[in-house]
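Here are the chains, one letter per residue:
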There are 2 protein chains.
Amino acid sequence: MTQMLKTHDCGTLSKANVGETVTLNGWVQRRRDLGGVLFIDLRDRSGLVQIVFNPEFSGDAHGIADRARNEYVLAVRGKVVERDAETVNANLPTGEIEVQITELEIMNPAKNPPFFIEDGIDIDESLRLKYRYLDLRRPEMQRTLQLRSKAAKVFRDYLDENGFIEVETPILTKSTPEGARDYLVPSRVHPGEFFALPQSPQIFKQLLMVGGLERYYQIARCFRDEDLRADRQPEFTQVDIETSFLSQDQLLDLMEKLVVRLFRETANTEIPTPFQRISYADAIGKYGSDKPDLRFGLELKDVSDIVAQSGVQVFASVIAKGGQVKALNAKGCGVWSRKEIDDLGVFAARYGAKGLAWITYKDGELKGPIVKFFNEQELELLKERLEAEEGDLLLFSADTKKVVADVLGNLRLKIGKQLGLIDESQFKFAWVVDFPLLSYDEDEKRYVAEHHPFTRPKEEDVHFFDTDPGQIRAQAYDLVLNGYEVGGGSMRIYKREVQEKMFAALGFSPEEANEKFGFLLEAFEYGTPPHGGIAFGFDRLVMLITGRTNLRETIAFPKTASATDLLTDAPGTVDDKQLEQLSIRIAVKPPVTK
Amino acid sequence: MTQMLKTHDCGTLSKANVGETVTLNGWVQRRRDLGGVLFIDLRDRSGLVQIVFNPEFSGDAHGIADRARNEYVLAVRGKVVERDAETVNANLPTGEIEVQITELEIMNPAKNPPFFIEDGIDIDESLRLKYRYLDLRRPEMQRTLQLRSKAAKVFRDYLDENGFIEVETPILTKSTPEGARDYLVPSRVHPGEFFALPQSPQIFKQLLMVGGLERYYQIARCFRDEDLRADRQPEFTQVDIETSFLSQDQLLDLMEKLVVRLFRETANTEIPTPFQRISYADAIGKYGSDKPDLRFGLELKDVSDIVAQSGVQVFASVIAKGGQVKALNAKGCGVWSRKEIDDLGVFAARYGAKGLAWITYKDGELKGPIVKFFNEQELELLKERLEAEEGDLLLFSADTKKVVADVLGNLRLKIGKQLGLIDESQFKFAWVVDFPLLSYDEDEKRYVAEHHPFTRPKEEDVHFFDTDPGQIRAQAYDLVLNGYEVGGGSMRIYKREVQEKMFAALGFSPEEANEKFGFLLEAFEYGTPPHGGIAFGFDRLVMLITGRTNLRETIAFPKTASATDLLTDAPGTVDDKQLEQLSIRIAVKPPVTK
C-alpha cells in the first residue's frame, strides 16, 4: 500500500496552510487542462480542494495525472500556495489556495459513474439506490448521514445525563397476538417453530420497568411487514424510552427538553417551550386530524346547528342520522374559477366526500348553488360563524364525524399549501393528548385498543368501563411536528384491577388474556411500578430536520416501496438445503400481488 | 395514580438530608417488627434505605405498612433523621440515617418471588431466566447493565471525537455465500424469496468506504444460527468499525487508545501501551493458541531436533511424517502422584493426544518410562532446552503441528490455573498479527479464506500466490485479552488484480466470484479507497470487564444454549394463516437433532 497517507483533509485547507507540504487522499471531482497545466478538484469527506499539475514542478506526476478521470482515487503530495487574486474561487471554502503537486499515486482507477457525484442531481431514484455507494459520495447524502449520527448522539447524551440506561432488547423474539405484520424467522433448533422480529420493544421495555431499571432507552430497530407506503420502511428506527415513578406531565416535560436540545444542536434553532397541548377532540374538531399542521390556521367550524333546518336535504338528513356538517373558509378563494372549485370536489371525493357544497362571498353577498335553500337569518349566522368576508370561499362537508374530518382536514392542508400559508422554515410542535382508549370495531363487533391493551385510562374516566367504554380517554400522547407524528406513547396500566377491566372491555376472557399476554401478566404480579414511556420516529425526525420529504433519503441502505434492496438485490432465493435444515418448504400459490 | 412521586433516590440519602421531608418510591427489600415498630429496607435503583413506621408518628401508615411484604412497591413520605450511634449500619451507604414515615401508599402488591432479590444467590439459571424481570432487580445485574450502557457510551464518545460516523446498516439483508448459518426471513411481498439476518455488517461497511464515509462505526446486532456453545448467543453485539486511508499500524494505534479509554472509564484501570504484538506463528509456537493467555509463562518448547534420533519410536516416526515433538515444563509438578499425571493424559486425549509422555526431575535425575530410550547427551539437551530443575514435570506431545498445539496449549492453561500462576486482577492485552491468509481444506481439496475473501495479503507475500499460497500472511489481526479473542479484523483488498489472484487461489472462476460477490465486485470498480476495519465483541468485553464468566450475565434478555428465551417462550408456533401469507409450509422431518 502507498506510503502517501493523508496528512490533511482536502476541505479544511486554507491560507493558514500556505507554505506547508501536505499529503492528500481523495477522489477526482473534475479535471481541466489549461494549456498543458492540469487542474483537478480533489474530493474527500471534508470537501474539495484544487490541486495543480504543472510540468515545471510536477515532474512525472503530471503525466500520471493526465490519465486520471472522474472518481479515480488519488494520493498526492505537494505544497499549499496562495492563488492569485483573479483565480480565487469565492464559492469554495478552500478557494483562496491550491496545492502544487510534486508526487502522485493513482490508488485506484474508476469506471465512469452512472451519474454525477454532486448535489441536486435529477435522476431516477432506483438508479441511485442500485449504486447507493456512489450516491452516498454526494455531499448532501454525506451531510444527511452525518446529521443522523449527530442526532443519535444528542439523544444519547441527553438521556445519559438524565439517568437513562441504554439496554439492548432481543431482535429474535416471540410473535405477538397482533402478529399479522410480524416478520417470522424459522428456527433450526426447534423445527416448526418461529421467532418474530419485533414491531417495537414494547413488552421488553415494560419488563425492564418491572425489573427496576426505572429509566431505559434504546435506539431500536423495529420491523413491520406490511404493504409499504412511500413513507414506510420494513425496518425502521425508533428512540425507545420507558420510565418508572413519573407522572405524565413529568415525562412530557423531560421529553420536551430533549426535543429542544435535539433541534438546538442539529437544526440550530431554539424551539419555544412548553409545547402547545391540544386534546385529540380539539385536534379533530379544529383541524380534522390527530396530527395537525399548526403552522397555519384555516380552522374547521361546525355549522350543524345553523344548517339543520335549512332546505338542503342532504345536510338535514346527515344531521338526523347523527352526522355533522362542518365548513372551512378558504380566505380569498371566492375568485377561483368554477373549474378550480370543482377540482376541490374531486380531491374531496378521494377522502370519502359524496359531494362538496360551496358558497362564495362576492359583491357583498353569498352566492352558489345551495344559497337559495337558506333563509336570511341562516346566511347571516353562517357569515358570522365562518367570519366570511368579501372574496371568501366557504366549503361544506356533511357526513359522519370521521369522513367530515378526513375531507375538510385534507382540504385544509391542500388550500393552506396552495395559498402559501405555511412557513416552511418553522418547526411547530404540539402534544396531542387525551386520545380515546378504545374504539369500536364494526367488523369484530367489539372494542379494540387504540394504542395497546396496557395503555392507562384517565383516572376520572375509569368509571365509564361499566357504562360507556367509548368515552374513556387514555393517558396517551403523540408528539406532532408540522403535520407529522414524530413520537407517541402512553402511561401504562400497572394495577391488576384496571387491567382486568381493560381486558373485559376488549372482550377477552381471562383465558384469552393469559394466552395472549400470559408472561407479561404474570410479571405484573410481582410488584410493578407505575410506568410509562414514549417512542420517537428517528428516521422521520431526521427527515424533517434535514428538510427532506422521503424517509429513504435519511437511511444509508433503504428498501424500496416494494421492500427490496436494489443494491444487494434482497430478498433472494436460497437453496433447498437451507430450507430443509429450517424444516420449511416454499408453498407459492397462484400469482400473488407483487 | 399516586401524588406521592419520588423526590429523592433511596440509596443517595445521607446525613446531609437530615431534617428534610422526602418522598420515596421503591420495593420492600425486607421488613422486621421490633416490638410494634416496623423497619423496612426500601430499595430502588440507587440502593437501600431504612424506613421506620412507629405508631407514634406514622398514624394510619403503620397499619398499612404491616400488610407490606417483600417486593411490594411503596410510595412513602417522611422525615430523614440521624440514627443513634448504636443503630448505625456501617455496611449500608445510607446506614447513618433512617426515614420516619408519616404517609404511605402501597402502589402495588407482589407475590412472593421465587428467589431472593439479592447478590450471590445460588439457584438454577433457568429459573433466573424465566423470571428475568426479577433477576434484573438484583444489584449485581443492575450494575452489569449500567456498566454495559456506560461501555457503549465510552465507545461512542471516543469514536465520535475521532471523526467516526455512526451508520445503521440493514438487518433484513441478503443471504451470504457462506449462508449456512444465516437466519432466514421469508418475504410476504416476494413469495419464495428470503431475507437473511446479517452475521456481520461486513459487506455494508466496505460499501460505506466505497461511498466515501472514511470513518464508520456501529454497535451492531449480528446473528448466527448455529449449535450454541455456552459462550455463544444466536444474536450478539459487536462494535463494528471501518476506516479508509489508514495503514494497519495507524488503525491499531487508534484502536489501542480506544481500548485504554474503555478500561480506564469502566474498569478504572490503566492499560499500558503499546500492546504487545505477537505473530500468529509465535502464538501457536509458544502458547499453542492464537488467543494466548499472556498472564503467565509456561511456554512450549520444540524438542524435535533432540528426540528425533532417540529410541522413542513414536517420536521418531511422528517427526519422520513431518510432525513435531514439543514439551512443556510443569514447574514443580514432579511431586505429583502417578494418578495426577495420568489424569493429565486423560485431559490431553480430549484434544487429540494419542498419549502423553512425561519425565520427572527427581533426586537430581530425570525419571519416567521413556527416560531409558534417551542417551546421556539427549537428556542433557532436554534439561537445558526445558530449563528443567529438581521437582519439575516435563510433558511431551508428538503429533501434527495442530494437535501438538491443541494438546500442549490446553495443558498449559490447565496447569497454569492449577498452579495459581494467573493474576486474575490483570488485563493482559496483545495483538495477534500476521495470520495466514489461506488454509487448505482437506475435504474441499482447495484453499479457503481464513478470515474472508477480501482480506488483504501482506505486500511481501503476494508473490506466493503463484508458488505456495499457504505461505501468504494476511494483514489481519485479533485483539486478545486474557486468553479470549475480544476483537478482530483486517485490511481489505482494494486492488482488482490482487482480488483476482485471491479468487483464483480460492478456486473461484470469474463467474463464481461474480455470482457470490457480484455487486460488491462491481462497487470496487468505481474508485475504492484503501480501507480496513475491526469488530469488537461487545458482550465478551463487558463479560471480562465485569469479571463474569458467562455471556448471558451481560445481556438483559439472553437466550439459552438451545436458543430459546425462557421468559417469552420464544421461538413458538404460529398460525397457518401467517405461514400461508408468507408462502411457506412447515416440513418437519423425522426427529431432528435438538
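Residue numbers run consecutively from 1 along every chain, following the written order of its sequence. Chains carry letters from A onward and ligands carry numbers from 1 onward, assigned in written order. Only residues with pLDDT of at least 70 are given local features in this predicted model, and only at 80 or more are side-chain atom pairs given and counted; all residues enter the totals for whole chains, interfaces and linings. Hydrogens and waters are ignored; side-chain quantities use all the structure's heavy atoms.

## Comments concerning the sheet that holds strand E5 (residues 97-108) of chain A
Residues and elements named next belong to chain A.
Part 1 of the argument: Reading around the barrel, the five strands line up as E1-E2-E3-E5-E4 and close back on themselves, with mixed pairing between neighbours. Each neighbouring strand pair of the sheet contributes to a mean axis angle of 55 degrees, computed without reference to strand direction.
Part 2 of the argument: Both strand E1 (residues 21-34) and strand E2 (residues 37-44) contribute to a ladder of seven bridges, which runs antiparallel. When the bridges of E2 are listed, Asp 33 appears paired with Leu 38. Between any two strands, pairing holds if DSSP finds at least two bridges. Secondary structure elements are taken from DSSP: a helix is a run of H or I of four residues or more, a strand is a run of E of two residues or more, and numbering for both begins at the N terminus. Helix axes are fitted only over the stretch in contact, all axes being lines through C-alpha atoms; the angle between N-to-C directions runs from 0 to 180 degrees.

## Describing the side chain of Asp 225 of chain B
Part 1 of the argument: Structurally, Asp 225 of chain B is set in the loop between strand E9 (215-223) and strand E10 (235-244).
Part 2 of the argument: Leaving out residues up to four positions away in the same chain, Asp 225 of chain B has contacts with Arg 188 and Leu 582 of chain A together with Arg 181, Asp 182 and Tyr 183 of chain B. In this analysis, two residues are considered to be in contact whenever any of their non-hydrogen atoms come within 4.5 Å of each other.

## Overview of the relation of the copies chain B and chain A
Part 1 of the argument: When the copies are overlaid, the least-squares fit takes in C-alpha atoms only where the residue has pLDDT of at least 70 in both copies. In the superposition of chain B on chain A (RMSD 0.0 Å, axial shift 0.0 Å), the rotation amounts to 180 degrees. Within this description, the copies of the chain are treated as partners about a two-fold rotation axis.
Part 2 of the argument: With an isologous cut-off of 70% or more, the 100% of interface residues of chain B that recur at the interface of chain A puts this contact in the isologous class.

## Details of unusual backbone geometry
Part 1 of the argument: The peptide bond linking Thr 273 of chain A to Pro 274 of chain A adopts the cis configuration, its omega dihedral lying at -10 degrees.
Part 2 of the argument: Note on placement: Pro 274 of chain A falls in the loop between helix H7 (248-266) and strand E11 (276-279).
Part 3 of the argument: Backbone geometry places Asp 434 of chain B, a non-glycine residue, at a positive phi of 55 degrees.
Part 4 of the argument: Counting through the fold element by element, Asp 434 of chain B comes out in the loop between strand E17 (429-433) and strand E18 (438-441).
Part 5 of the argument: Relative accessibility decides the category of a residue: with a 1.4 Å probe and only protein chains considered, values under 20% of the type maximum give buried, values over 50% give exposed, and everything between is partly exposed. Note on Asp 434 of chain B: relative accessible area 18%, which makes it buried.
Part 6 of the argument: Non-glycine residue Lys 445 of chain B carries a positive phi angle of around 50 degrees.
Part 7 of the argument: Note that Lys 445 of chain B resides in the loop between E18 and strand E19 (446-449).
Part 8 of the argument: Under the relative-accessibility criterion, Lys 445 of chain B is labelled exposed at 55%.

## Side note on the pairing of strand E22 (residues 531-537) of chain B
All names here are of chain B.
Part 1 of the argument: Where burial is concerned, most of E22 is hidden: six out of the seven residues are buried.
Part 2 of the argument: In this structure, E10 lies alongside E22, joined through seven bridges in antiparallel fashion. Its bridge partner lying in E22, Thr 243 is registered against Gly 532.
Part 3 of the argument: Two strands pair when backbone bridges link them, and strand E21 (residues 484-491) and E22 are joined in this way by five bridges, in the antiparallel orientation. In the strand pairing of E22, Gly 487 is matched with Phe 536.

## Focus: the interface of chain B and chain A
Part 1 of the argument: Taken together, the 130 residues of chain B in the interface contact 131 residues of chain A.
Part 2 of the argument: For the pair chain B and chain A, the summed buried surface comes to about 11,800 Å²; carbon and sulfur atoms form 59% of the total.
Part 3 of the argument: Whenever a carboxyl oxygen of Asp or Glu lies within 4 Å of a side-chain nitrogen of Lys or Arg, that contact is scored as a salt bridge. Seen at the junction of chain B and chain A, the total is 13 salt bridges.
Part 4 of the argument: Whenever a nitrogen or oxygen atom comes within 3.5 Å of another N or O atom, the pair is scored as a polar contact, on the condition that within protein one atom can donate a hydrogen and the other can accept it, and that pairs from neighbouring residues in sequence are kept only if both atoms are in side chains. Where chain B meets chain A, there are 61 residue pairs in polar contact (both at pLDDT 80 or more).
Part 5 of the argument: Here the element with the most residues in the side of chain B that touches chain A is helix H5 (residues 139-161) of chain B; it accounts for ten residues.
Part 6 of the argument: Any residue outside Ala, Val, Leu, Ile, Met, Phe, Trp, Tyr, Cys, Pro, Asp, Glu, Lys and Arg is labelled polar, Gly included; the first ten of those are nonpolar and the last four are charged. For the side of chain B that touches chain A, the residue count by class is 61 nonpolar, 32 polar and 37 charged. For any pair of parts, buried area is found by adding up, for both, the accessible area (1.4 Å probe) each one loses once the two are put together.

## Observations regarding empty space enclosed by the protein
Part 1 of the argument: Only protein atoms enter the 1 Å grid used here, on which a cavity is any set of points holding a 1.4 Å probe that cannot leave and a pocket is any open set flanked by protein within 12 Å on both sides along at least five of seven lines; residues with an atom within 4 Å of a point are listed as lining. Grid points are joined across faces, edges and corners, and a volume is the space filled by probe spheres set on the points. A full pass over the atoms with the stated rule returns seven cavities of 30 Å³ or more.
Part 2 of the argument: When its volume is computed, the largest cavity comes out at roughly 480 Å³.
Part 3 of the argument: What lines the largest cavity is a set of 34 residues, and nearest its centre among them are Ile 219 and Arg 221 of chain A together with Ile 219, Ala 220 and Arg 221 of chain B.
Part 4 of the argument: Elements that contribute at least two residues to the lining of the largest cavity include exactly helix H5 (139-161) and strand E9 (215-223) of chain A together with H5 and E9 of chain B.
Part 5 of the argument: Taken together, the residues of the lining of the largest cavity sort by class into 18 nonpolar, six polar and ten charged.
Part 6 of the argument: Estimates place the volume of the second largest cavity at around 170 Å³.
Part 7 of the argument: Forming the boundary of the second largest cavity are 19 residues, of which Glu 168 of chain A together with Arg 148, Arg 221, Ile 555 and Phe 557 of chain B lie nearest the centre.
Part 8 of the argument: For the lining of the second largest cavity, the secondary-structure elements that each account for two or more residues are H5 and E10 of chain B.

## Points about the sheet that holds E11 of chain A
Strand pairs in the sheet, formed through backbone hydrogen bonds, run parallel or antiparallel to each other.
Residues and elements named next belong to chain A.
Part 1 of the argument: The strand order across the open sheet formed by eight strands is E6-E9-E10-E22-E21-E20-E17-E11, and the pairing between neighbours is mixed. With one partner strand each, in any of the chains shown, strand E6 (165-166) and E11 form the two edges of the open sheet.
Part 2 of the argument: Both E6 and E9 contribute to a ladder of two bridges, which runs parallel. Bridging from a neighbouring strand, Ile 165 pairs with Tyr 216 of E9.
Part 3 of the argument: Contacting strand E10 (235-244), strand E20 (476-481), strand E21 (484-491) and strand E22 (531-537), helix H17 (residues 538-545) runs over the sheet at an angle of about 145 degrees to E21.

## Re the UniProt feature "binding site: ATP" (unreviewed entry) in chain A
Residues and elements named next belong to chain A.
Part 1 of the argument: UniProt positions are given in the numbering used here, feature names are shortened, and annotations may be inferred rather than shown by experiment. Mapped onto the present numbering, the UniProt feature "binding site: ATP" (unreviewed entry) falls on Arg 224, Asp 225, Glu 226, Gln 233, Glu 485, Gly 537, Phe 538, Asp 539 and Arg 540. As for the lining of the largest cavity, the annotated residues named previously contribute Phe 538.
Part 2 of the argument: If you trace the backbone, Glu 226 turns up in the loop between E9 and E10.
Part 3 of the argument: With near-sequence residues (within four places) excluded, Glu 226 lies in contact with Arg 181 and Arg 232.

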